[in-house]
2 protein chains.
Amino acid sequence: MTALPILEPATDESCCTPAGAPALGADEAKQKALVFKALADPNRLRLLSIIKAESSGESCVCDLTEPLDLGQPTVSHHLKMLVEAGLLHREKRGTWAYYSLVPGALDDVAGLLADL
Amino acid sequence: MTALPILEPATDESCCTPAGAPALGADEAKQKALVFKALADPNRLRLLSIIKAESSGESCVCDLTEPLDLGQPTVSHHLKMLVEAGLLHREKRGTWAYYSLVPGALDDVAGLLADL
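Numbering of residues begins from 1 in every chain and follows the order in which that chain's sequence is written. Chain letters start at A and ligand numbers start at 1, both assigned in the order the entries are written. This being a predicted model, a pLDDT of at least 70 is required before a residue's local features are given, and a value of 80 or more before pairs of side-chain atoms are given or counted; all residues contribute to the totals for chains, interfaces and linings. Only hydrogens and water are set aside when side-chain values are computed; all heavy atoms of the structure are taken into account.

A. Highlighting the state of the cysteines. Residue and element names in this part refer to chain A. Disulfide: a pair of cysteine sulfur atoms within 2.5 Å of each other. Scanning the entire structure with this criterion turns up 2 disulfides over all chains. The residue that forms a disulfide with cysteine 60 is cysteine 62, at a sulfur-sulfur distance of 2.2 Å. Taking the sign of the S-S torsion, about 125° here, the bridge from cysteine 60 to cysteine 62 comes out right-handed. Here cysteine 60 matches cysteine 62 in class, with each residue buried. For every residue, the accessible area (1.4 Å probe, protein chains only) is compared with the maximum for its type, and the residue is labelled buried under 20%, exposed over 50%, or partly exposed between those bounds.

B. Seen up close, the pairing of strand β3 (residues 96-101) of chain A. Residue and element names in this part refer to chain A. Strands are labelled as partners when DSSP assigns at least two bridges between them. Runs of H or I in DSSP of at least four residues are treated as helices and runs of E of at least two as strands, each being numbered from the N terminus. As paired elements, strand β1 (residues 59-60) and β3 share 2 bridges and run antiparallel to each other. Paired with serine 59 across the two strands is tyrosine 99, which belongs to β3. The turn joining strand β2 (residues 88-93) and β3, which pair antiparallel and follow one another in sequence, is formed by 2 residues; a positive phi near 65° is taken by glycine 94.

C. View of the sheet that holds β1(A). Residue and element names in this part refer to chain A. Reading across the sheet, the 3 strands line up as β1-β3-β2 and stay open at both edges, with antiparallel pairing between neighbours. Every other strand in the sheet has two partners, leaving β1 and β2 as the edge strands with one partner each. Relative to β3, β2 runs antiparallel, the two sharing 6 bridges. In the sheet register, arginine 93 faces β3, and the bridge partner there is tryptophan 96. Relative to the sheet, helix α4 (residues 72-84) contacts β2 and β3, its axis offset from that of β2 by approximately 125°. By definition, residues are in contact when any of their heavy atoms lie within 4.5 Å. Helix axes use the C-alpha atoms of the stretch in contact, all axes being lines fitted to C-alpha atoms, and the angles between their N-to-C directions lie in the range 0 to 180 degrees.

D. Examining helix α4 (residues 72-84) of chain B more closely. All names here are of chain B. A rise of 1.5 Å per residue sets the reference length of α4, with its 13 residues, at 18 Å; its end C-alpha atoms lie 18 Å apart and thus fit the reference within 8%. Of the residues making up α4, those classed as buried are Val75, His78, Leu79 and Leu82. Around the axis of α4, the buried residues are gathered within 100° of arc, so they sit on the same side. The outward face of α4, more than 90 degrees from its buried face, is lined by the exposed residues Pro73, Lys80 and Glu84. Take the number of residues in a helix, subtract one, and multiply by 1.5 Å to get its expected span. Each direction from the helix axis to a C-beta atom contributes to the arc, which is the arc of those directions.

Structure representation (structure tokens):
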């Protein structure tokens, strides 16, 4: 009688076997980190919150200094970071710049987390 | 003949009317910003990505140094920040610490964005 071949249990995991290349590549991780860096500041989160709550869909920079009790150069710096991260759209009209959420941008950030 | 009362159009928006108190309070914004700060680093995003991709649901710290080409103290520092932000769970077993995603934590971050 011939012995049946012994099927060894699959051992696809073991401690101290390096996990291999990360699913998320270095360059892609850098890009994604920039978006989270833009969100990693309380005042920038509050600016997004105010602009999002505006029924007209946009806020004049002149309306954003008082609620945060910050000077206009500081507010403009924070707004610039949010624009560069692709979260806000900026439109200059006359003297003032107006800021609105880029449609779908916050959903896209949520998507980054889902796709990690 | 009496003049009809003139109904003025509602003007609920105008430039340079401060937007009032932000929907997001200062303390809440600080808390939320801490979570985004934990995500605002390419290596931490890659660590989350590796741990998320682990079929066992957890990774030994000893498996995480090689894929990122970082020393163990650096990896441990990044993992600590992710634990403090409530994104990773840490369990010490024997010599090594094992890290797993806190269930629902990434969804909760997505929820922070939706509720801004």
